[in-house]
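Spelled out, the chains give:
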Amino acid sequence: MLKLPRFKAAAVQASPVYLNASATAEKAASLVREAAANGAKLVAFPEVFVPGYPYWNWITDPVTGSAWFEKLAKASVLVPGPEVDVVRKAARDTGCHVVLGVNERSPISLGAIYNTLVFIGPDGALLGKHRKLVPTWAEKLTWTGGDGSSLRVYDTEIGRLGGLACGENTNTLARFALLGQGELVHVASYISLPVAPPDYDMAEAIKLRAIAHSFEGKIFTIVSCSTVSEEIIAAMEAIVPDARARLQRKSSAFSGIIGPDGRVVGDPLIDDEGIVYADIDLERCIQPKQMHDIVGHYNRFDIFDLRVNRRPLTPLGLADSEGDAAEQGFVPIPLRSE
C-alpha cells in the first residue's frame, strides 16, 4: 500500500553576513540546527544566501558596479567546497535535508558566477545543484546562465524534491520539467527586492508564483526569501546616497509554505527575519490530482511534446577526459570525515 512521507518543513527568511562566505555558511549551519531542534526535516534557504545578492546591479551603472562584481567573484564559493561543507556537516549532524542558495564560482573562469541551489541530503551528501537558467533583468550583469543538466528532481526520504531560483518560478517550461519528473516538494528561493517599480508588491508577487506552481502541480512549495539588513544598506550607501530609501521599502519579502490546493499552510513571514514552519503531508497531493493532473490524465502528450536537453555544457570537450562526475553528473558526494 502506498504510504507517503509526513514531515515538518522550515523556510528561512534572513540576511547573509554580506559578502563574507565563511561567516554566512556558519550562520546557515546555525539556522539548520535551530530548525532541526524545532522538528524540521527540510530547511530551505534564500536565493544566493552565501554570500549575498548583487543589489548594486539595480541602483548604479555597470561601470561603477564592476568593482562590486569583483568583490562578489572573490567571495563566491566552489561546489563542492569548504563553505558548503560547513552546511553539509550541519545537515548530517541533524539529519536534515537542506536546500542552500549560493553564488557559485566557476572552477574554470574567474569571470563566471552561477546563481546556484545546492541540494544536501540528511547524511550530508551533496545530492546535486541547480544553476539558475536565466538571470533576471539586471542580474545579467553578474551571473552566467546554467544548463539543462541541473533540471533534476531528487528522490529523497521526504519525497521527490526539486527547486528553482526566484524568477525561474515564472518559467512555465522549467517548472513543468520538474513536475514531469514527479516533483512533490518544491523549494522556491528568492531575494527581497525593494527597488521594484512603485506599484509592484514584491511579497504578493512571490506568494502568487508559489500558489501557481503548487496549484498547477498539486504539490507543496517551500518559499524562502532573504531580507535586506542594515549591513547591506550601509554597503550600498557607499555607492549611491539614496540607497537607504530605496532598500527599506516594505512588503518586499515573503517566506511561507503553500499546499497542493494553492493555500498557505501555517503563518508566513513578510519582511521580518525568522523561520517559517509547517507540517507537510504528501498524501494531500493525491486527491487534487483526480481533477487536474497536468503530468497525467489532464494533458495530451500526443499533442504536446516537451524535450529537455540535460547534456552538461562546457567550454570544450577533451577526448582524453571523462569529466568530473561531481561537476557534470551530480553523483552524491559523501561528506568528508571530521
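Now for a quick tour of the structure. Just so it is clear, the model here is predicted, and its values are computed rather than measured.

**Some words on the pattern of salt bridges**
Point 1. For the coordinates displayed, the defined rule picks out 21 salt bridges.
Point 2. We note a salt bridge from Asp93 to Arg33, for which the minimum N-O separation is 3.3 Å. Taken together, the positions of Asp93 in helix α4 (residues 82-94) and Arg33 in helix α1 (residues 21-37) put the pair 60 residues apart, joining distant regions of the chain.
Point 3. A salt bridge links Lys132 to Glu47; the shortest N-O distance between them is 3.2 Å. Of the two residues, Lys132 is situated in the loop between β5 (126-131) and β6 (154-156) and Glu47 in the loop between β2 (40-44) and α2 (56-59); the sequence distance between them amounts to 85 residues.

**Quick notes on the nonpolar core**
Point 1. Grouped together as the largest cluster of nonpolar side chains are 39 residues, with contacts concentrated most on Tyr18, Tyr53, Tyr55, Leu193, Met236 and Leu247.
Point 2. Residue assignment for this core shows that the elements contributing at least two residues are α2, α3 (62-75), β8 (185-190), α6 (202-217), β9 (220-225), α7 (230-237), α8 (243-247) and β10 (254-258).
Point 3. Discounting chain neighbours no more than four positions away, the residues touching Leu247 are Tyr55, Pro194, Val195, Val228, Ile233 and Met236.

**A few points about α4**
Point 1. In this model α4 runs 19 Å from its N-terminal to its C-terminal C-alpha over 13 residues, within 8% of the 18 Å that 1.5 Å per residue would give.
Point 2. In the core, the buried residues of α4 are packed alongside α1, β3 (97-105), β4 (113-120) and β5.
Point 3. Where α4 terminates, the next one or two residues include Gly95, which has phi positive at roughly 70°.

**Considerations on the sheet that holds β4**
Point 1. As summarised here, the arrangement of the six strands in space is β5-β4-β3-β2-β1-β12, forming an open sheet in which the pairing is mixed. Edge strands, defined here as strands with exactly one partner in the open sheet, are β5 and β12 (274-281). Between one strand and the next, the sheet's axes are offset by a mean angle of 25°, whatever the strand orientation.
Point 2. As judged from the eight bridges shared by strand β1 (residues 6-13) and β12, these two strands associate in the antiparallel manner. Within β12, the residue paired with Arg6 across the bridge is Asp281.
Point 3. Against the sheet, α1 contacts β1, β2, β3 and β12, and its axis sits at roughly 50° relative to β12.

**What about the environment of Ser76?**
Point 1. Within the fold, Ser76 resides in the loop between α3 and α4.
Point 2. The class for Ser76 is buried, based on a relative accessible area of 4%.
Point 3. Spatially, the C-alpha atom of Ser76 lies 21 Å from that of Leu193, the residues being 117 residues apart in sequence.
Point 4. When sequence neighbours within four positions are dropped, the list of residues in contact with Ser76 reads Asn103, Glu104, Arg105 and Ile113.
Point 5. Side-chain polar atoms of Ser76 contact the backbone oxygen of Leu72, separated by 2.7 Å.

**Section: the state of the cysteines**
Point 1. Tallying each qualifying case throughout the model produces zero disulfides.
Point 2. The closest cysteine sulfur to the non-disulfide-bonded Cys166 is located on Cys225, 7.7 Å from its own sulfur.
Point 3. A relative accessible area of 7% places Cys166 in the buried class.

**Section: the side chain of Thr142**
Point 1. By the secondary structure assignment, Thr142 is in the loop between β5 and β6.
Point 2. Once residues lying within four places of it in the same chain are set aside, the contact partners of Thr142 are Pro54, Trp56, Asn57, Phe69, Leu72 and Ile113.

**Regarding the pairing of β3**
Point 1. Within β3, eight of the nine residues are buried, which leaves it mostly tucked inside the rest of the structure.
Point 2. Direction of pairing for β2 relative to β3: parallel, over a ladder of three bridges. The residue of β3 that forms the bridge with Ala44 is Val99.
Point 3. Note that β3 and β4 share eight bridges and pair antiparallel. Each bridged residue has a counterpart across the sheet, and for Arg105 the counterpart in β4 is Ile113.

Conventions used here
- Residues numbered from 1 in each chain as written.
- Predicted model: local features only at pLDDT ≥ 70, side-chain atom pairs only at ≥ 80, totals over all residues.
- Heavy atoms only, no water.
- Salt bridge = Lys/Arg side-chain N within 4 Å of Asp/Glu carboxyl O.
- Helix = DSSP H or I, 4+ residues; strand = E, 2+ residues; numbered from the N terminus.
- Core = buried A, V, L, I, M, F, W, Y, C linked by side-chain atoms within 4.5 Å.
- Buried < 20%, exposed > 50% of the residue type's maximum accessible area, 1.4 Å probe, protein only.
- Contact = heavy atoms within 4.5 Å.
- Expected span 1.5 Å × (residues − 1).
- Pairing = 2+ DSSP bridges.
- Axes fitted to C-alpha atoms, helices over the stretch in contact; angles between N-to-C directions.
- Polar contact = N/O pair within 3.5 Å; in protein donor to acceptor, adjacent residues only side chain to side chain.
- Disulfide = S-S within 2.5 Å.

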